[in-house]
Amino acid sequence: MNPYRTRKIARIIAIIVAVVMIITSFSFVMVIPGLFGMESGYVYAATSQEDELDTQLQDLKSYMQYIKNNFKDTITLDQLVEGAYAGVMESLNDPYSVYFSATTDEGENFVQSVTGEFYGIGVSVENYNGTCRVVSPISGTPAEASGIKSGDIITKVDGVDVTSKTLDEVVSMMRGDEGTKVTLTINRSGKILSVTMTREIIKTTSVSSKVLDGHIGYIQITGFDNDSNEEFQSALADLEGKGITSLIVDERNNPGGLVSTALDIANQLMPKGPITYFEQQGKLLETYSADGTSEFDLPMVLLVNEGSASASEILAGALQDSGVATLVGTTTFGKGVAQQIIDFTDGSSMKLSQFYFLTPLKHTINHVGITPDYTVQNTTAIDVDILIETYHGFAPMSEKVKPIAGMIGLNVYGAQQRLSMLGYELDINGTMDAKTVAAVKKFQKETGLYAAGTLDYTTMNAIDNAAISYISSAGNGEDLQLEKAIELLQ
């Protein structure tokens with residue numbers, strides 16, 4: 001057994017970032033005894049703060065007792081205690097911290113979704129401003145086949161409004177017996193759609209591989225399960241045995257998984273050095289590093305998109321910062337929070353956000369994501385008529401002016417609209433602000449132009465041509481991101 005994989009096994013069991021899913025989008029799960037009636041723990045000397053807490057808990061006890069005795073309906077102390085536990089989590093204003101009551105199977109279902117097989121539709125979701133938002137559909141599942149997309153907001157399940165329900169309640173409604181149907185009503189950028197799917201067993205097989213033309217190896221990772229690192233190692237060895245001269249690793253729409261698995265795959269590909277850092281309350285608490293045993297030295301491109309989340313972003317950030325891989329695609333989801341799962345002796349449990357994870361160069365991932373070296377927006381599964389209609393509404397870039405930083409105008413506005421369609425991160429406001437200058441520079445660099453950040457006539461023409469080319473390739477099944485990866489490796 002690889003000593004790297006066992007180094008932290010006493011501490012790390014699994015990692016979760018994106019809250020819950022039919023196959024859950026996750027990145028860190030830990031089981032830690034010793035808290036709030038758990039089987040073991042540490043006892044510390046009382047402090048003035050603890051004395052104050054004791055007083056407040058006595059007040060809370062009186063408060064709950066008064067409610068029990070005077071509420072208009074019969075209510076038990078158990079119900080009030082459950083509410084108090086859940087209320088503590090809600091006070092954190094953190095969508096990833098959740099209390100699982102002992103009276104439900106939500107906690108068990110969550111852990112099962114991390115490590116086992118279950119019946120569902122295969123979509124990862126998160127709490128986004130009180131709504132149930134899709135992180136990504138899982139490759140090869142009913143959700144992917146039905147066209148569910150990252151960013152879709154689920155508003156109804158089988159006709160039942162879920163906008164006021166918790167994420168776990170929505171997930172429970174979407175699960176069910178194999179062969180049964182479930183209908184989701186989704187809001188996609190203001191367009192309401194209804195999608196009916198048949199539940200299937202969701203399996204954890206997550207690595208597939210093949211050899212592309214030009215002796216290019218291709219490995220797709222759809223999730224980081226218990227043995228995905230071993231599957232990856234076998235796939236890589238098989239491809240190398242077939243004489244590949246370069247490698248594409250595809251993490252698109254990979255919602256995450258076990259961090260220990262992602263760390264092991266990074267260790268197989270990276271030279272000695274940091275893979276990720278864990279940060280808590282502004283301090284770096286843990287560093288996870290590659291041990292230098294990797295012998296991999298082929299040119300590599302890593303494919304990512306907005307559905308690449310959590311543990312996927314750990315691997316992407318590690319390979320990018322270490323210079324091992326060139327990233328192609330669109331900015332990743334931005335789930336950089338690690339949580340621990342804690343079990344209580346009464347059968348309840350909680351998952352609590354305890355760390356941020358950072359890239360080897362200590363770049364923040366949470367709410368930011370990983371920006372690829374080459375931004376390429378894919379056209380697969382996109383309605384070409386909508387793209388054409390959108391393009392016709394763009395502002396013309398016809399002003400006889402070459403905007404620089406700080407300037408405003410139609411040229412800027414039109415360039416922003418086109419760059420946004422192409423997948424670049426910026427605000428469409430008609431102003432050459434810092435985001436726009438950065439996007440223009442990135443576009444210029446990727447297309448071989450002088451990266452001055454100025455909207456000169458050559459750059460504006462190139463941006464318009466890129467938008468037209470993007471639209472023309474829509475609907476014909478072209479995978480522009482994969483094509484770019486192949487181009488870079490040839």
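So, here is what we can say about the structure in this document. (Residues numbered from 1 in each chain as written. Predicted model: local features only at pLDDT ≥ 70, side-chain atom pairs only at ≥ 80, totals over all residues. Heavy atoms only, no water.)

Quick look at the packing of aromatic side chains now. By the definition in use, this model includes 7 aromatic pairs. Judged by centre distance (6.5 Å) and plane angle (35°), the ring pair of Phe 278 and Phe 357 falls under tilted. Remark: Phe 357 occurs in strand E21 (residues 349-358) and Phe 278 occurs in strand E16 (residues 273-280); sequence separation between them is 79 residues. Like Phe 357, Phe 278 is buried. Aromatic rings pair up to connect Phe 278, Tyr 288, Phe 355 and Phe 357 into one cluster. (Phe/Tyr/Trp six-rings, centres within 6.5 Å; stacked < 30°, edge-to-face > 60°. Helix = DSSP H or I, 4+ residues; strand = E, 2+ residues; numbered from the N terminus. Buried < 20%, exposed > 50% of the residue type's maximum accessible area, 1.4 Å probe, protein only.)

On to a nonpolar patch on the surface, then. A cluster of nonpolar side chains, contributed by Leu 53, Leu 57, Leu 60 and Tyr 63, occupies part of the molecular surface with about 380 Å² of accessible area. Its relative accessible area of 44% is what places Leu 57 among the partly exposed residues. (Patch = residues over 30% accessible without salt bridge, like charges linked within 9 Å, V, L, I, M, F, W, Y side chains within 5 Å. Areas by Shrake-Rupley, 256 points an atom, 1.4 Å probe, with all protein chains shown as cover. Salt bridge = Lys/Arg side-chain N within 4 Å of Asp/Glu carboxyl O.)

Looking now at the side chain of Lys 484. Mapped onto the elements of the fold, Lys 484 is located in helix H14 (residues 480-489). The contact partners of Lys 484, leaving out residues within four places of it in the chain, are Val 328, Tyr 374, Val 376 and Glu 446. (Contact = heavy atoms within 4.5 Å.)

The next point concerns the sheet that holds strand E18 (residues 300-304). Here we have 6 strands laid out as an open sheet, ordered E13-E14-E15-E18-E19-E22, and mixed in their pairing. In this open sheet, the two strands that pair with only one neighbour each are strand E13 (207-212) and strand E22 (374-375). Where E18 meets strand E19 (residues 326-329), 4 bridges bridge the pair, whose relative direction is parallel. Note that in E19 the partner of Val 301 across the bridge is Thr 326. In the packing of H14 onto the sheet, contacts are made with E13, strand E14 (216-221), strand E15 (246-250), E18, E19 and E22, and the angle to E18 comes to roughly 165°. (Pairing = 2+ DSSP bridges. Axes fitted to C-alpha atoms, helices over the stretch in contact; angles between N-to-C directions.)

A few words now on unusual backbone geometry. For residues other than glycine, phi is negative in most cases, and the peptide bonds are mostly trans. The phi dihedral of Asp 158 falls on the positive side, at around 50°, and the residue is not glycine. By secondary structure assignment, the location of Asp 158 is in the loop between strand E8 (153-157) and strand E9 (160-161). Located in the positive-phi region is Lys 362, a residue other than glycine, with phi close to 65°. The residue Lys 362 is located in the loop between E21 and E22 in this model.

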